[in-house]
Amino acid sequence: MKRDLLVTIIVLTYKDFSGINKTIEAILEQTYQNIEIIISDDGSENYQENMFLPFQREAEEKNKKIILKHLVQNEGTVKNINGALELATGDIIGFLGCGDYYASKETIKEVVEEFIDKDVQVVTGKMQGISVSNPQKTTCLPEKHLIKLLKEGNRDKIYQKMFNENCFCAPATFYKKEVYDQVGKYDERMRLIEDYPFMFKLVLNHIRITFIDKYITIYLFDGVSSGKQSPAICTDLENIKKYVLLPHIEECDRKGRRLFLYNYERKSKKTMTGKMCIAIKYFDQFLYWQYKRVVGICKAQRRK
């Protein structure tokens, strides 16, 4: 395998360009040189192509190129990504949201070395979340129990876990371009959530994935896809369950299947009587979630 692989970084923007400087500079200052950048805007009314001219000049000075793409109208994250992929020529593809940035100047170099040394198709790592409103508030994703699972690297265990939660962090994940040739692009039945159904498909199809236990990306978690879930996010999550996960639910172990079906069927019940029936049907899962709720309240109280 050649060592000078071309890396395409797709930067997704919509309306808020306040963090674009930090994002682009973090890419341009990478010690790894063979990079192309695609800035793909999802129909922002305040989009102006000339705002990127200084970055294009700087990129040219560093033997890199920036490609601009602007959708005429807002199509949602998934269609925006799929459109940007049509322009990507890299051997490896990664994504950043506007305002997100890499944890170090060596990040892309280290990721490329991981691809070459381990002969894998996907490299994923950790991201550190920093609150826009309170920079002292940070978090690490994936959560500890998922990091343990990913470090173990057992494909079957990861597959079982994926029925009830996404084990991977999109801004900290890079893909060989061949992956898209093999399994297709992102599922456009969803509007905002691209990573969960796609990663489920990768694990389902035995794509070779490796986890590196280091921060890849600094992620600003006060955006639309974090914190309190928007109605669009909730709709996407229900569609993921219905169209992506449910058709394979018989492949899930009994415990995971009951957890999935409890949450899935409970959402479909609008009356209190209907919800009580589901609680009785899946009483073990009902107790589990009540326990989790109490633990969550206790943790919140301790933080205060």
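Everything below is about the structure shown above.
Treat the numbers as computed from the prediction; the structure is a model and nothing was measured.

## Quick notes on the pattern of salt bridges
For step 1, the next point in the chain: One pass over the full model with this rule turns up 17 salt bridges.
For step 2, the next point in the chain: Across the salt bridge formed by Lys62 and Glu58, the nearest N and O atoms sit 3.2 Å from each other.
For step 3, the next point in the chain: By sharing partners, the salt bridges in this structure join Lys126, Lys151 and Asp213 into a single network.

## Remarks on the packing of helix H9 (residues 231-245) against helix H10 (residues 254-268)
For step 1, the next point in the chain: Orientation of H9 relative to H10, taken along the N-to-C sense of each, is 125°, at an axis distance of 11 Å. Classified by the interaxial angle, the pair formed by H9 and H10 is oblique. Crossing of H9 over H10 shows left-handed handedness. Side by side, H9 and H10 meet where Glu238, Lys241, Lys242 and Leu245 of the first sit next to Phe260, Asn263, Tyr264 and Lys267 of the second.
For step 2, the next point in the chain: Of the residues contributing to the contact of H9 with H10, the split by class is three nonpolar, one polar and four charged.

## Details of helix H6 (residues 155-162)
Residues spaced three or four apart along an α-helix point in a common direction, a consequence of the helix completing one turn every 3.6 residues.
For step 1, the next point in the chain: By the burial criterion, the buried members of H6 are Ile158, Tyr159 and Met162. Viewed along the axis of H6, the buried residues span an arc of 100°, placing them on a single side of the element.

## Looking at the pairing of strand S8 (residues 173-176)
For step 1, the next point in the chain: Alternating positions in S8 separate into two faces, Thr173 and Tyr175 on one and Phe174 and Lys176 on the other, with burial throughout.
For step 2, the next point in the chain: Sheet analysis places strand S4 (residues 92-97) next to S8, joined by three bridges and oriented antiparallel. By the bridge assignment for S8, Ile93 is matched with Tyr175.
For step 3, the next point in the chain: The pairing of strand S6 (residues 122-130) with S8 spans three bridges and is antiparallel. The residue bridging Thr124 from the neighbouring strand is Thr173, located in S8.

## Quick word on the environment of Thr13
For step 1, the next point in the chain: Looking at where Thr13 falls in the secondary structure, it is placed in strand S1 (residues 7-13).
For step 2, the next point in the chain: Residue classification places Thr13 among the buried residues on the basis of a relative accessible area of 2%.
For step 3, the next point in the chain: When the C-alpha atoms of Thr13 and Asp41 are compared, they prove to be 4.7 Å apart, with 28 residues separating the residues in sequence.
For step 4, the next point in the chain: Contact partners of Thr13, with chain neighbours within four places excluded, come to Ile20, Ile39, Ser40, Asp41, Asp42, Ser44, Asn80 and Cys98.
For step 5, the next point in the chain: Engagement of the side chain of Thr13 in a polar contact is seen with the side chain of Asp41, the distance being 2.8 Å.

Calculation criteria
- Just so you know, the residues in each chain are numbered from 1, in the order the chain's sequence is written.
- In view of the model being predicted, local features appear only for residues whose pLDDT reaches at least 70, and side-chain atom pairs are presented and counted only at 80 or more, with totals across whole chains, interfaces and linings using the full set of residues.
- Note that water and hydrogens are dropped before the side-chain values are worked out from all heavy atoms of the structure.
- Only one rule defines a salt bridge in this text: a Lys or Arg side-chain nitrogen within 4 Å of an Asp or Glu carboxyl oxygen.
- Here, axes are lines fitted to C-alpha atoms. For helices the fit covers the stretch in contact, and angles between N-to-C directions go from 0 to 180 degrees.
- In this description a helix means any DSSP run of H or I spanning at least four residues, a strand means any run of E spanning at least two, and both kinds are numbered starting from the N terminus.
- Oblique is the label for any angle not covered by the other classes, which are roughly parallel (under 35 degrees), roughly antiparallel (over 145) and roughly perpendicular (65 to 115).
- A crossing counts as left-handed when the near helix is turned anticlockwise from the far one by less than a right angle, and as right-handed when that turn is clockwise.
- The contact criterion used is simple: two residues touch if any of their non-hydrogen atoms lie within 4.5 Å.
- Put simply, Ala, Val, Leu, Ile, Met, Phe, Trp, Tyr, Cys and Pro go in the nonpolar bin, Asp, Glu, Lys and Arg in the charged bin, and everything else, Gly too, in the polar bin.
- Each residue's exposure class comes from its accessible area (1.4 Å probe, protein chains only) as a fraction of the maximum for that residue type: buried when under 20%, exposed when over 50%, partly exposed otherwise.
- Comment: arc refers to directions from the helix axis out to C-beta atoms.
- Pairing between strands is defined by DSSP: at least two bridges between them are needed.
- Two N or O atoms count as a polar contact when they lie within 3.5 Å, although within protein this holds only if one can serve as hydrogen donor and the other as acceptor, and sequence-adjacent residues are included solely when both atoms are side-chain atoms.

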